[in-house]
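Architecture and fold: a report
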Amino acid sequence: MNPAPAIELLVIGGGPAGFFAALTLAEARPRSSIVILEKASTVLGKVRISGGGRCNVTHACFDPAILTRFYPRGGRELRGVFARFQPADTIRWFESHGVLLKTEEDGRVFPVSNSSETIISCLTGEAARQGIEVHTHTRVKSLERTPEGTFVATCHDGTLWHTRRVILATGGEGGFHLAAGLGHTIQPPVPSLFTFKIHDPRFEGLQGISIPAVRLWLPTANIHSEGALLITHWGLSGPAVLRLSAWGARVLHQHNYQLALTIHWLPGLSEDGVMAHLKNQRSHHGRKRVTAWCPFEAIAQRLWQKLVLSAEIPETTTWSTLTRQQIVRLAQELTAGRYEIAGKAPFKDEFVTCGGVTLDEVDFRTLESRLVPGLFLAGEVLDIDGLTGGFNLQNAWSTGWVAGRAIAGKT
């Protein structure tokens, strides 16, 4: 065994939460002895790939009550955390450390450089300036707490680290294993933020068509989602699908990603409203074929044709000859069309899972474990996940900041 000197804080996990916790402590209490251990060859891997390599630092949502709505799991617990450190604080922190940021039309915040390396250089440079030790290629095999209240972390190379404070900020099996070893309950990780595989003749040949707003519903779980939709060669993607996959992550996993999905293609209208609009077309466009004239601007013509035929309306049918029964079927197709999800497909821009340490085992005023004094948890090791758009990184910054301040004695 190779014992290392005792330190004030050991951070396990060199991701955004771990780095931010370490920097927060260092800035609040200079000259603290802090060590970050990262099993990979480089630190801040999730930051590097965030936003397609541009790094979606956060989201320009500055009301904690609204911000929490973007977290399928953990929103309630994060309310108080965001009241203390929210996106406005994140923006101020990075800009005060020399990083220029910009806010895009959809609210996502990026460095002006459009490069995640700008954020990584800022964090690693500040860590070096503060004297924080960073060790890569260092995997922690076990973490124990002695009767005297000291933690002993055993690394794969036999090195032992002794400390009275630990921040566990590594997600995945490694972090879950260490937390479970200290008595914490782990919610099993399952994928979140993914697209749907759907093999349906109504989508054949429509790849690339987008619809600005739809309402999706999983009847089995009574989970709804609204937003833009994109038809792909494998099925469906777009914000509405990603949101539904996040909120329905666990129920979809339980059903092996094979569930019924209903689509309301015109969420601004009720079924009765759609029927009234369809009936109105008979007097205005009576001689036109139904498949040739789409009365709804939001629906692409090729998609409209597929939906009309799916409602069992022959291609030669004109608006003037459309029967009441056909109008009812078409209205139902437009407002509650049923599709079968046959599996999940990846969302290339981000990989997110739900799962982690059960939230009621953590004191969110400090991010300290309720079970193990001196153990703090931040970032992905917690059963918290956000939607795409900078929300997962904001969870890392905020929980890391609160944990760092608590250890500095500034709760």
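Right, let's walk through the structure included here. Keep in mind that what you see is a predicted model, and the values were worked out from it rather than measured.

**Some remarks on the environment of Ala298**
Position of Ala298 relative to the elements: it lies in the loop between α10 (271-284) and α11 (301-310). Residues Ala298 and Trp265, 33 residues apart in the sequence, show an inter-C-alpha distance of 8.4 Å. Apart from residues no more than four positions distant in its own chain, Ala298 is found in contact with Ile211 and Pro212.

**Some thoughts on the sheet that holds strand β14 (residues 210-218)**
Here we have seven strands laid out as an open sheet, ordered β18-β17-β14-β15-β16-β13-β19, and antiparallel in their pairing. Among the strands making up the open sheet, the edge pair consists of β18 (337-340) and β19 (343-345). When strand polarity is set aside, the average angle formed by the axes of neighbouring strands in this sheet is 40°. Here helix α8 (residues 239-247) sits on the sheet and contacts β13 (195-197), β14, β15 (223-231), β16 (235-237) and β17 (260-264); the angle it forms with β15, its principal contact strand, is near 145°.

**Looking at the pairing of strand β9 (residues 151-155)**
With respect to burial, β9 is a largely interior element, five of its five residues being buried. The two faces of β9 match: Phe151, Ala153 and Cys155 on one face and Val152 and Thr154 on the other face are all buried. As paired elements, strand β8 (residues 140-145) and β9 share five bridges and run antiparallel to each other. Among the inter-strand pairings, Leu143 is bridged to a residue of β9, identified as Ala153. Turn length for the β8-β9 hairpin, with the two strands adjacent in sequence and antiparallel, is five residues, and the turn residue Gly149 shows positive phi of about 90°.

**Here we look at the packing of α10 against helix α12 (residues 324-336)**
When two helices pack together, their arrangement is given by the angle between the helix axes and by the axis-to-axis distance. Their axes nearest at 9 Å, the elements α10 and α12 cross at an angle of 130°. Viewed along their axes, α10 and α12 adopt a mutual orientation that is oblique. Considering how the two elements wind past one another, α10 and α12 form a crossing that is right-handed. Where α10 approaches α12, its residues Glu271, Val274, Met275, Leu278, Lys279 and Arg282 are matched on the opposing element by Ile327, Val328, Leu330, Ala331, Gln332, Leu334 and Thr335. Considering only residue class, the contact of α10 with α12 consists of eight nonpolar, two polar and three charged.

**Quick notes on α11**
Within α11 the residues assigned to the buried category are Leu303, Trp304, Leu307 and Val308. The arc enclosing the buried residues of α11, seen along the axis, measures out at 135°, which places them on a common side. In the core, the buried residues of α11 are packed alongside β14, β15, α10, α12 and β18. Phi turns positive, to about 65°, at Glu312, one or two residues after α11.

**A look at the sheet that holds strand β4 (residues 58-59)**
The three strands are arranged β4-β6-β5 in an open sheet whose pairing can be described as antiparallel. A strand with exactly one partner marks an edge of an open sheet, and here the two such strands are β4 and β5 (101-103). In terms of strand pairing, β5 meets strand β6 (residues 108-111) through three bridges, oriented antiparallel. Residue pairing across strands places Leu101 opposite Pro111, the latter belonging to β6.

**Details of the packing of aromatic side chains**
Per the stated rule, a full pass over the model turns up 17 aromatic pairs. Centroid distance Phe203 to Tyr339: 5.0 Å. Interplanar angle 5°. Geometry classified as stacked. In this pair, Phe203 sits in the loop between β13 and β14 while Tyr339 sits in strand β18, placing the two residues 136 residues apart along the sequence. Taking relative accessible area as the criterion, Phe203 reaches 5% and is therefore assigned buried. Residue classification places Tyr339 among the buried positions, given a relative accessible area of 0%. Through successive ring pairs, a cluster of aromatic residues spans Phe20, Phe85, Trp93, Phe94, Trp397 and Trp401. In this structure, Arg54 is placed above the aromatic ring of Phe110, and the distance from its NZ or CZ to the ring centre is 3.8 Å. It is Lys344 that lies over the ring of Tyr257; its NZ or CZ is 5.7 Å from the centre.

So, how was this worked out
Along every chain, residues carry numbers that run from 1 in the direction the sequence is written. With pLDDT at 70 or above as the cut-off, local features in this predicted model cover only qualifying residues; side-chain atom pairs require 80 or more to be listed or tallied, and sums for whole chains, interfaces and linings still use all residues. Remark: hydrogens and water are excluded; side-chain values derive from all non-hydrogen atoms of the structure. What counts as a helix is a DSSP run of H or I of at least four residues, what counts as a strand is a run of E of at least two, and both are numbered from the N terminus. Whether two residues are in contact is decided by their heavy atoms: any pair within 4.5 Å suffices. A pair of strands is treated as paired once DSSP finds two or more bridges between them. Angles run from 0 to 180 degrees between N-to-C directions of axes, and those axes are lines fitted to C-alpha atoms, restricted for helices to the stretch in contact. Categorising residues by exposure relies on relative accessible area from a 1.4 Å probe, with only protein chains included: less than 20% of the type maximum marks a residue as buried, more than 50% marks it as exposed, and the intermediate range marks it as partly exposed. What sets the label is the angle itself: under 35 degrees gives roughly parallel, over 145 gives roughly antiparallel, 65 to 115 gives roughly perpendicular, and the rest give oblique. For a crossing to be left-handed, the near helix must be turned anticlockwise from the far one by less than a right angle; the clockwise case is right-handed. Gly is placed with the polar residues, together with every amino acid not listed as nonpolar (Ala, Val, Leu, Ile, Met, Phe, Trp, Tyr, Cys and Pro) or charged (Asp, Glu, Lys and Arg). To obtain the arc, one takes the directions from the helix axis to the C-beta atoms. Note on aromatic pairs: the rings of Phe, Tyr and Trp (six-membered ring only in Trp) are paired at centre separations within 6.5 Å, and the planes decide the class, stacked below 30 degrees, edge-to-face beyond 60, tilted for the rest. The criterion for a charge sitting over a ring is simple: Lys NZ or Arg CZ within 6 Å of the ring centre, and within 35 degrees of the ring normal.

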